[in-house]
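Structural overview for review
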Amino acid sequence: NETQTPEWFGPDCSLRHCPTGDDPETPLVDETNCSYAVAAGGRGKGKYMNKCHVDCSNRGKCDHTTGTCACFPGYHGANCGKRKTAAVGLAGSE
């Protein structure tokens, strides 16, 4: 299992990125794949296998002061990249 440590950013380096991940709701697209992606402003292009940073897997809100994700309902994990599943067959019920 790979873990990413939040990175500092912003004009005074006081903000933190949240953990990154691929959006679990788009199985045919990897939002973290930036191979050959053109940078914002059209300056430069990513190399093969470059990774994009996607705060909270697009399934949560990043608190940039702490570098932690607040996951949207139905998602969990440090990067909100896991779907919660409904409990099936509660104990004692038939």
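Let us look at the structure shown here. Worth saying up front: this structure is predicted, and the values here are computed from it rather than measured.

So, the overall build of the protein chain
- Scanning the protein chain from terminus to terminus reveals zero helices and six strands.
- Along the protein chain, from the amino end to the carboxyl end, the secondary structure elements read β-β-β-β-β-β.
- Buried positions account for 23% of the 94 residues belonging to the protein chain.
- The contacts in the protein chain between residues at least 6 apart in sequence include a share of 40% that link residues at least 24 apart.
- Just so you have it, the protein chain exposes about 7000 Å², and 54% of that area is on carbon and sulfur atoms.

Examining the pattern of salt bridges
- Applying the stated rule across the entire model yields two salt bridges.
- Between Arg-83 and Glu-25 there is a salt bridge, and its shortest N-O distance comes to 3.2 Å. With a gap of 58 residues between them, Arg-83 in strand 6 (residues 82-83) and Glu-25 in the loop between strand 2 (15-16) and strand 3 (60-63) connect regions that are remote in the sequence.
- Using a relative accessible area of 34% as the deciding quantity, one classes Glu-25 as partly exposed.

Describing the nonpolar core
- Counting residues in each nonpolar core, the largest one holds five residues, listed as Cys-18, Cys-56, Cys-62, Cys-69 and Cys-80.
- When residues no more than four places from it in sequence are discounted, the contact partners of Cys-18 are His-53, Asp-55, Cys-56, Cys-62, Asp-63, Gly-67, Thr-68 and Cys-69.

Examining the pairing of strand 4 (residues 68-71)
- Sheet topology note: the strand 3/strand 4 ladder contains four bridges and is antiparallel. Note on strand 4: the bridge partner recorded for Lys-61 is Ala-70.

Some remarks on the state of the cysteines
- Under the criterion given, the structure shown has three disulfides.
- The partner cysteine of Cys-18 in its disulfide is Cys-62, sulfur to sulfur 2.2 Å. The sign of the 90° torsion about the S-S bond sets the Cys-18-Cys-62 disulfide as right-handed. With a gap of 44 residues between them, Cys-18 in the loop between strand 2 and strand 3 and Cys-62 in strand 3 connect regions that are remote in the sequence.
- Judged by its relative accessible area of 13%, Cys-62 falls in the buried class.
- Between the sulfur atoms of Cys-56 and its disulfide mate Cys-69 the distance is 2.2 Å. Here the disulfide of Cys-56 and Cys-69 is left-handed, its torsion about the S-S bond being about -100°.

Each value, and the rule that gives it
Residues numbered from 1 in each chain as written. Predicted model: local features only at pLDDT ≥ 70, side-chain atom pairs only at ≥ 80, totals over all residues. Heavy atoms only, no water. Helix = DSSP H or I, 4+ residues; strand = E, 2+ residues; numbered from the N terminus. Buried < 20%, exposed > 50% of the residue type's maximum accessible area, 1.4 Å probe, protein only. Contact = heavy atoms within 4.5 Å. Areas by Shrake-Rupley, 256 points an atom, 1.4 Å probe, with all protein chains shown as cover. Salt bridge = Lys/Arg side-chain N within 4 Å of Asp/Glu carboxyl O. Core = buried A, V, L, I, M, F, W, Y, C linked by side-chain atoms within 4.5 Å. Pairing = 2+ DSSP bridges. Disulfide = S-S within 2.5 Å.

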